[in-house]
Every structure is written in structure tokens, then in C-alpha cells.
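Working through the structure, step by step
Below are the chains, spelled out letter by letter.
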Amino acid sequence: MEQEIDTAQLGEEIVKVLKGIYDPEIPVDIYELGLIYDVMVNTDNEVKILMTLTSPNCPVAESLPLEVEEKIKKIEGVTAAEVEITFDPPWSRDLMSEEAKLELGML
């Protein structure tokens, strides 16, 4: 039971960190933008994040995934972190949260 609590707490901390990383071109965090497709934590507290970018030609295609990986690795309890980029499905505005759409005046 303790392992489940730790995993849940770790998941909450990962989301909190992701909500603190912003796309430099859009004033909304990458989590609310819908760039994070999946967060997986195994029993060894290794984290794998499946994410996308707003476009394949995104100017931060090199730096943003590295920033995500580095910040996740700094979370207490995380033993390793890996970020995988995918464009399937491609990002669209439909993936944005209501909060992000409101922030950008799209509602």
C-alpha cells in the first residue's frame, strides 16, 4: 500500500513540475497546452514522458524535451527520466485544456 501512495504522490509532483514549464511562444504551460500525452512511472520510479510539440519545426524542438527531462530528474524519488517525442497524433488546439483556451482568449 505504501508503494501506491508514493507513486501517486510522485505523479502529482511530476504534473506540478510539468505545469511550471512553458512553451516560450505561448504563455501557457506545456501540460495545459496538451503537449503531454502520457506520463509513466515504473516500480523503480523511472519516469517516461510521451510528449509532442506544437509543430515538427518548433524552434524549441531540441531544448524543450531536454528541459522537461532535466526538471523531472530533479524530483525527489525519481531514479531516471526519459522524454520521447511523437507527432502521432499531431498536436492541435483541441488538445488544450479549457484553462489554456481561456488564457489565450479562445473561449
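Residues numbered from 1 in each chain as written. Predicted model: local features only at pLDDT ≥ 70, side-chain atom pairs only at ≥ 80, totals over all residues. Heavy atoms only, no water.

The protein carries the name SUF system Fe-S cluster assembly protein in an unreviewed UniProt entry, which gives Flavobacterium album as its organism.

1. Structural notes on the overall build of the protein
Rules: Numbered from the N terminus, helices here are DSSP runs of H or I no shorter than four residues, and strands are runs of E no shorter than two. Here's how the labels work: a residue is buried when its accessible area is under 20% of the maximum for its type, exposed when over 50%, partly exposed in between, all with a 1.4 Å probe on protein chains only. All accessible-area figures derive from a Shrake-Rupley calculation using a 1.4 Å probe, and residue coverage is judged against the displayed protein chains alone. His is not counted here, nor are the chain ends, while Lys and Arg score as positive and Asp and Glu score as negative. One atom stands in for each charge, and that atom is NZ of Lys, CZ of Arg, CG of Asp or CD of Glu.
Helices and strands together make up the secondary structure of the protein, namely three helices and three strands. Helices (α) and strands (β) of the protein occur, in sequence order from the N terminus, as α-β-β-α-β-α. Within the span of the protein, comprising 107 residues, buried residues form 35% of the whole. If you sum the accessible surface of the protein, you get close to 6600 Å²; carbon and sulfur atoms cover 49% of it. In the protein, 8 side chains carry a positive charge and 24 a negative one; their mean positions are 5 Å apart.

2. With respect to unusual backbone geometry
The linkage connecting Asp88 with the following residue, Pro89, adopts the cis geometry, with an omega of 5°. You can see Pro89 is positioned in the loop between strand S3 (80-85) and helix H3 (98-103). In this model, Asn45 sits at a positive phi of 60°, which is unusual for a non-glycine residue. Residue position: Asn45 is located in the loop between strand S1 (36-41) and strand S2 (46-51).

3. A word on the nonpolar core
Formally: Note on terminology: a nonpolar core comprises buried Ala, Val, Leu, Ile, Met, Phe, Trp, Tyr and Cys residues joined through side-chain atoms within 4.5 Å. Between two residues, a contact is recorded if the distance between any of their heavy atoms is within 4.5 Å.
Among the nonpolar cores identified, the biggest contains 27 residues, and Leu18, Ile30, Ile49, Met51, Leu64, Val68 and Ile72 are the most heavily contacted of them. For this core, the secondary-structure elements that each account for two or more residues are helix H1 (2-18), S2, helix H2 (63-73) and S3. With four residues, H1 is the single largest residue contributor to this core. Once you skip the residues sitting within four places of it in the chain, Val68 turns out to touch Leu18, Ile21, Ile30, Ile49, Met51 and Val83.

4. A closer look at the pairing of S2
Two faces make up the sheet, and in a regular strand the side chains alternate between them. Using the following cut-off: A pair of strands is labelled paired if DSSP reports no fewer than 2 bridges between them.
Judged by which residues are buried, S2 turns out to be one-sided: Val47, Ile49 and Met51 face inward and are buried, whereas Glu46, Lys48 and Leu50, on the alternate face, are not. With five bridges connecting them, S1 and S2 associate as antiparallel partners. Considered in S2, the bridge of Val39 is made with Ile49. Both S2 and S3 contribute to a ladder of six bridges, which runs parallel. The partner of Met51 across the bridge, within S3, is Ile85.

5. A short note on the UniProt feature "domain: MIP18 family-like" (unreviewed entry) in the protein
Going by this rule: UniProt positions are given in the numbering used here, feature names are shortened, and annotations may be inferred rather than shown by experiment.
The positions UniProt marks with the feature "domain: MIP18 family-like" (unreviewed entry) are residues 12-83. Structurally, residues 12-83 comprises 25% helix and 22% strand, and the distance from its first C-alpha atom to its last is 18 Å.

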